[in-house]
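# Report on the structure
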Number of protein chains: 2
Amino acid sequence: MAIRLDDREGDFEARFAAFLTTKREVSDDVDQAVAAIITDVRARGDDALHDWTAKLDRFDSRAAGLRVTEGEIDAALAAVDARTLDALKLARDRIESHHARQRPADERYADALGVELGHRWTAIEAVGLYVPGGTASYPSSVLMNAVPAKVAGVDRLVMVVPTPDGRLNPLVLAAARLAGVDEVWRIGGAQAVAALAYGTESIRPVAKIVGPGNAYVAAAKRRVFGTVGIDMIAGPSEVLVIADRDNDPDWIAADLLAQAEHDTAAQSILVTDDAGLADAVEAAVERQLRTLPRGETAAASWRDYGAIVLVRDLSSAIPLADRIAAEHLEIAVADPEPMVAKVRNAGAIFIGRNTPEVIGDYVGGSNHVLPTARSARFSSGLGVLDFMKRTSLLKVGPDALRALGPAAITLAEAEGLGAHARSVAIRMNPAE
Amino acid sequence: MAIRLDDREGDFEARFAAFLTTKREVSDDVDQAVAAIITDVRARGDDALHDWTAKLDRFDSRAAGLRVTEGEIDAALAAVDARTLDALKLARDRIESHHARQRPADERYADALGVELGHRWTAIEAVGLYVPGGTASYPSSVLMNAVPAKVAGVDRLVMVVPTPDGRLNPLVLAAARLAGVDEVWRIGGAQAVAALAYGTESIRPVAKIVGPGNAYVAAAKRRVFGTVGIDMIAGPSEVLVIADRDNDPDWIAADLLAQAEHDTAAQSILVTDDAGLADAVEAAVERQLRTLPRGETAAASWRDYGAIVLVRDLSSAIPLADRIAAEHLEIAVADPEPMVAKVRNAGAIFIGRNTPEVIGDYVGGSNHVLPTARSARFSSGLGVLDFMKRTSLLKVGPDALRALGPAAITLAEAEGLGAHARSVAIRMNPAE
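Calculation rules
Residues numbered from 1 in each chain as written. Chains lettered and ligands numbered in written order. Predicted model: local features only at pLDDT ≥ 70, side-chain atom pairs only at ≥ 80, totals over all residues. Heavy atoms only, no water. Helix = DSSP H or I, 4+ residues; strand = E, 2+ residues; numbered from the N terminus. Buried < 20%, exposed > 50% of the residue type's maximum accessible area, 1.4 Å probe, protein only. Contact = heavy atoms within 4.5 Å. Least-squares fit on C-alpha atoms with pLDDT ≥ 70 in both. UniProt positions renumbered as here; feature names shortened; annotations may be inferred. Polar contact = N/O pair within 3.5 Å; in protein donor to acceptor, adjacent residues only side chain to side chain. Buried area = accessible area lost by both parts, 1.4 Å probe. Salt bridge = Lys/Arg side-chain N within 4 Å of Asp/Glu carboxyl O. Nonpolar A, V, L, I, M, F, W, Y, C, P; charged D, E, K, R; others polar. Pairing = 2+ DSSP bridges. Axes fitted to C-alpha atoms, helices over the stretch in contact; angles between N-to-C directions. Parallel < 35°, antiparallel > 145°, perpendicular 65-115°, else oblique. Core = buried A, V, L, I, M, F, W, Y, C linked by side-chain atoms within 4.5 Å.

## Structural notes on the overall build of chain A
- Each helix and strand counted, chain A has 18 helices and 14 strands in total.
- Expressed as lengths along the three principal axes of its C-alpha atoms, the size of chain A is roughly 85 × 60 × 45 Å.
- With 432 residues in all, chain A has 63% of them scored as buried.
- Partitioning the contacts of chain A with sequence separation of at least 6, the portion at a separation of at least 24 is 74%.

This is the structure we're talking about:
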């Protein structure tokens with residue numbers, strides 16, 4: 001049974017604030033273990049990878065080889081049934097054409113003084129893509145991470161995926177092939193992150209690492225940040241549904257449960273101005289839970305972190321949504337656009353009753369890697385820009401230098417930087 | 001005396017590779033100390049800030065007040081001499097007009113199926129700006145961080161700056177006023193980062209923290225990452241100058257020393273195809289060092305980390321430049337544009353003999369906050385996008401849902417996510 005909040009009650013603000021700060025993840029203290037693994041991989045390279053893989057994944061990578069061969073990927077692709085393969089291709093194509101629009105433009109212009117300014121975008125040369133093992137090993141996430149990297153122009157896209165007890169989801173390999181991944185290695189955990197960041201005898205280092213992972217992977221990414229780039233630290237998923245009275249409670253319940261089934265730490269929130277809908281959705285959730293394959297996970301998430309918030313007026317939902325800053329925001333109201341325009345903090349907005357968040361998970365074309373745990377206040381979903389970097393350009397001629405030079409010298413002197421001042425002055429007055 | 005490398009020598013690759021991995025920063029192990037400070041600020045708020053400020057900055061903030069008053073900022077501004085104030089204003093205006101061009105465009109379009117996709121950019125509501133105390137307290141850096149934030153539309157820009165022994169550079173306050181900073185607090189170190197991330201009784205939390213700092217500040221930013229956004233972890237500065245024979249050695253030497261005077265860990269590198277220029281620059285460096293106010297710092301940097309690389313041909317300089325991935329790259333050759341076009345990894349490129357990097361430090365208009373320590377391989381200089389975030393938009397109507405639904409259901413089933421499948425199916429077949 002999810003928590004109920006009502007903004008007509010006197011303690012609403014206190015209860016909502018407490019709800020916002022509820023910690024959904026147990027942050028295992030894995031940092032020391034991760035530091036030791038990274039040090040070991042830097043010191044011993046492939047040998048360390050083999051040893052950690054034997055220990056943590058119960059898999060003999062010395063015998064099997066660290067790298068997944070092209071033949072294995074061919075076989076995995078051949079084993080996928082036609083309907084699933086078509087669906088993966090449709091998803092791949094839609095992600096590709098949407099992300100192609102995100103390619104940024106270079107710029108170069110001269111200002112009134114004749115100073116030329118600009119920037120140029122280039123792709124990151126080599127990127128690592130972490131794919132979790134086990135039940136969270138999703139082919140759709142491979143597409144969502146890999147396709148934008150290839151659209152950006154990344155030359156070398158290197159996937160790592162652990163194979164606990166030797167198991168590897170063939171759909172993940174199929175998605176890797178469809179997305180254009182260049183190398184696949186059967187390693188995971190902090191050891192895989194270390195190998196990507198520092199390289200080993202077999203694996204050349206990359207410049208950036210993206211993709212979700214468990215607490216070890218997150219801690220390892222945090223540690224190697226600076227040596228390589230990293231994407232956001234992904235937390236458990238969440239959905240916020242804003243709904244008016246004219247919704248089918250079963251549709252809303254299904255959307256809440258689609259989020260809840262991911263993880264016991266996932267969070268599903270309904271905000272509505274209609275107590276009747278709130279009750280009906282709650283009943284529908286209980287009913288649907290009974291027939292859900294992952295019902296236990298979804299029930300735990302709904303019980304521990306689910307919420308139904310009753311508001312006097314749907315316009316009050318906007319500031320609450322901005323404070324929640326949900327990864328996924330569904331706006332299921334009669335006239336959604338004015339509300340869409342008012343929301344500031346959300347990873348993605350799904351507009352109208354016919355846009356379940358799940359379409360965005362797979363085939364909408366937009367990216368499903370989105371900021372979790374309130375981080376939509378300051379960060380964005382994954383996109384092409386995450387695989388590129390911008391080089392700033394500046395060109396000054398003799399006249400512009402004479403115009404700007406004195407101010408630069410004044411500021412350099414004010415900051416006590418004599419060589420800075422000289423570097424400009426010497427060009428203005430070659431006799432110096 | 002800087003190191004000399006020559007690509008005609010047999011051990012060049014080994015020596016260059018070793019040079020690339022030279023660690024320039026002593027990474028003090030401050031992590032435990034920082035963790036304790038953050039915990040304390042979260043637990044005790046303002047009291048903790050006062051205590052750490054008394055201890056680390058030897059300053060009684062209980063008596064003086066944590067916040068710098070508007071009156072104090074007025075007084076600082078009034079104390080700045082007219083020439084410096086004009087130079088600051090010129091820098092502010094040029095940074096503002098250049099960065100205004102970086103404001104990103106929103107997008108919304110319908111694809112062939114009638115699916116509406118798009119995104120909307122919004123400014124981060126509140127941003128913290130860390131400004132170091134002491135000699136690295138640069139008014140130009142205040143402008144470079146604050147102006148783009150305001151161009152982006154950040155509502156609340158909160159500056160923190162430590163006042164060791166009560167000293168506060170009035171130029172920093174003047175720059176804050178000119179750039180539109182909304183609040184200034186006289187705190188620094190890990191305690192200031194903690195206050196910005198979690199808030200105290202006096203200081204409301206922000207959503208992102210930018211700006212350079214010492215090892216404590218860097219460790220604290222790494223720790224609060226996730227709770228708030230952070231910018232890059234800034235390392236010591238570096239310049240790479242690619243020069244042909246037709247350069248005035250004194251100009252090049254001045255540019256190398258402008259970098260070296262920042263910090264004993266700064267790095268200045270000259271790549272040239274002309275041994276005569278190499279010798280002449282080296283002699284000019286030694287000569288100029290004698291009259292430099294910060295000569296000791298610059299001499300140590302040049303001795304420990306400076307380098308002159310002789311190449312057979314200037315075209316060989318490009319792959320070396322890409323491996324160095326310098327924060328600042330000057331291209332001082334007769335025809336620089338073809339070389340500019342070939343470089344992939346650089347924070348900023350300064351084009352031609354009349355564009356000393358120092359112009360970009362102050363009045364070029366481009367940003368001087370750039371990726372250091374080879375991170376230009378995967379990251380970009382500071383810009384307006386760093387103060388905004390993108391919300392993804394998706395809108396599907398009944399027809400498009402029927403077209404895309406089956407593939408989404410197939411993929412959801414392949415991933416074992418029953419509620420995902422139901423969330424789509426229930427809308428395609430309302431009888432379900």
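Once the structure has been displayed, the description carries forward.
## Details of the relation of the copies chain A and chain B
- It takes a turn of 180 degrees to lay chain A on chain B, together with a shift of 0.0 Å along the axis; the resulting RMSD is 0.0 Å. Expressed as a symmetry operation, the mapping of one chain copy onto the other fits a two-fold axis. Every residue of chain A has its C-alpha some distance from the rotation axis, and the shortest such distance is that of Arg-222 of chain A, at 3.6 Å.
- Interface residue correspondence from chain A to chain B reaches 100%, placing this contact among same-surface, isologous pairings.

## Quick look at the UniProt feature "binding site: NAD(+)" (unreviewed entry) in chain A
Residues and elements named next belong to chain A.
- The UniProt record annotates "binding site: NAD(+)" (unreviewed entry) at Tyr-130, Gln-191 and Asn-214. The greatest C-alpha distance among the residues just named is 12.7 Å, despite their covering 85 residues of sequence, which places them together in space.
- Looking at the element boundaries, Tyr-130 is found in strand 4 (residues 126–130).
- The exposure class of Tyr-130 is buried, given its relative accessible area of 4%.
- Once you skip the residues sitting within four places of it in the chain, Tyr-130 turns out to touch Val-160, Pro-162, Gly-188, Gly-189, Ala-192, Val-193, Val-210, Gly-211, Pro-212, Gly-213 and Val-217.
- In terms of polar contacts, Tyr-130 uses its side chain to reach the backbone amide nitrogen of Gly-189, at 2.7 Å.

## Overview of the interface of chain A and chain B
- Of the residues lining the interface, 122 residues belong to chain A; the matching set on chain B comes to 123 residues.
- On the chain A side of the contact with chain B, Arg-344, Phe-378 and Arg-427 of chain A bury the most area, a combined 8% of that side's loss.
- For the pair chain A and chain B, the interface holds 14 salt bridges.
- As a salt-bridge pair, Arg-108 of chain B and Glu-337 of chain A come within 2.6 Å of each other at their nearest N and O atoms.
- Seen at the junction of chain A and chain B, the total is 71 residue pairs in polar contact (both at pLDDT 80 or more).
- Here the side of chain A that touches chain B gets 11 residues from one element, more than from any other, and that element is helix 17 (residues 398–414) of chain A.
- Here the residues of the side of chain A that touches chain B are counted per class, giving 58 nonpolar, 34 polar and 30 charged.
- Two elements, strand 14 (residues 388–395) of chain A and strand 13 (residues 348–351) of chain B, share four bridges in a ladder whose sense is parallel. Bridge pairing links Leu-394 of chain A to Phe-350 of chain B in strand 13 of chain B.

## What about the sheet that holds strand 7 (residues 208–210) of chain A?
- Spatially, five strands are ordered 6-5-4-7-8 (chain A) in an open sheet, and the strand pairing comes out parallel. One side of each edge strand has no neighbouring strand; the edge strands of this open sheet are strand 6 (183–185) and strand 8 (229–230) of chain A.

## Quick notes on the pattern of salt bridges
- With the rule as written, the count across this model stands at 64 salt bridges over all chains.
- Note that Asp-7 of chain B and Arg-312 of chain B form a salt bridge whose closest N and O atoms lie 3.8 Å from each other. Of the two residues, Asp-7 of chain B is situated in the loop between strand 1 (3–6) and helix 1 (12–20) and Arg-312 of chain B in the loop between strand 11 (307–310) and helix 14 (317–324); the sequence distance between them amounts to 305 residues.
- Overall, Asp-7 of chain B belongs to the buried group, its relative accessible area being 11%.
- Overlapping salt bridges, with partners in common, bring together Asp-40, Arg-44, Asp-47, Asp-51 and Arg-62 of chain A in one network.

## Thoughts on the sheet that holds strand 12 (residues 328–332) of chain A
- One open sheet accounts for nine strands, arranged 1(A)-11(A)-10(A)-9(A)-12(A)-13(A)-14(B)-3(B)-2(B); its pairing is mixed. Two strands lie at the open edges of the sheet, namely strand 1 (3–6) of chain A together with strand 2 (107–110) of chain B, each paired on one side alone. Each strand of the sheet is rotated relative to its neighbour by a mean of 15 degrees, with strand direction disregarded.
- Set on the sheet, helix 14 (residues 317–324) of chain A makes contact with strand 9 (238–243), strand 10 (267–272) and strand 11 (307–310) of chain A; between it and strand 9 of chain A the angle comes to about 175 degrees.

## Examining the pairing of strand 4 of chain A
All names here are of chain A.
- Most of strand 4 sits inside the fold, with five of its five residues counted as buried.
- Residues Ala-126, Gly-128 and Tyr-130 line one face of strand 4 and the alternating positions Val-127 and Leu-129 line the opposite face, and both faces are buried.
- Direction of pairing for strand 4 relative to strand 5 (residues 156–160): parallel, over a ladder of five bridges. By the bridge assignment, Leu-129 is partnered in strand 5 with Met-159.
- Bridge analysis of strand 4 against strand 7 gives three bridges, and the strand direction is parallel.

## Brief notes about the packing of helix 2 (residues 31–44) of chain A against helix 3 (residues 46–57) of chain A
Residue and element names in this part refer to chain A.
- With their axes 6 Å apart at the nearest point, helix 2 and helix 3 run at an angle of 140 degrees to one another. Classified by the angle between their axes, helix 2 and helix 3 sit oblique to one another. Contacts between helix 2 and helix 3 involve Ile-37, Asp-40, Val-41 and Arg-44 from the first element and Asp-46, Asp-47, Ala-48, Leu-49, Asp-51, Trp-52 and Leu-56 from the second.
- Residue composition of the contact of helix 2 with helix 3, grouped by class: six nonpolar, no polar and five charged.

## Brief notes about the UniProt feature "binding site: substrate" (unreviewed entry) in chain A
- Sites flagged by UniProt as "binding site: substrate" (unreviewed entry) map to Ser-237, Gln-259, His-262, His-328, Asp-361, Glu-415 and His-420 of chain A. A maximum C-alpha distance of 55.7 Å among these annotated residues, which run over 184 residues, shows that they spread across the structure rather than meeting at one spot.
- By the secondary structure assignment, Ser-237 of chain A is in the loop between strand 8 and strand 9.
- We classify Ser-237 of chain A as buried; its relative accessible area is 15%.
- Residues in contact with Ser-237 of chain A, not counting those within four places in the same chain, are Arg-24, Gln-259, His-262, Ala-266, Gln-267, Glu-327, His-328 and Thr-372 of chain A.
- Relative to the helices and strands, His-262 of chain A is located in the loop between helix 11 (249–260) and strand 10.
- Each residue touching His-262 of chain A, except ones within four places of it in the same chain, is listed here: Tyr-138, Ser-237, Arg-294 and Thr-297 of chain A together with Leu-417 and His-420 of chain B.

## Quick word on the nonpolar core
- By size, the foremost hydrophobic cluster in this structure holds 94 residues, and its most contacted members are Met-159, Val-184, Leu-256, Ile-359 and Val-363 of chain A.
- Counting 93 residues, the second-largest nonpolar core is a separate cluster that includes Val-131, Ala-175, Ala-176 and Val-363 of chain B.

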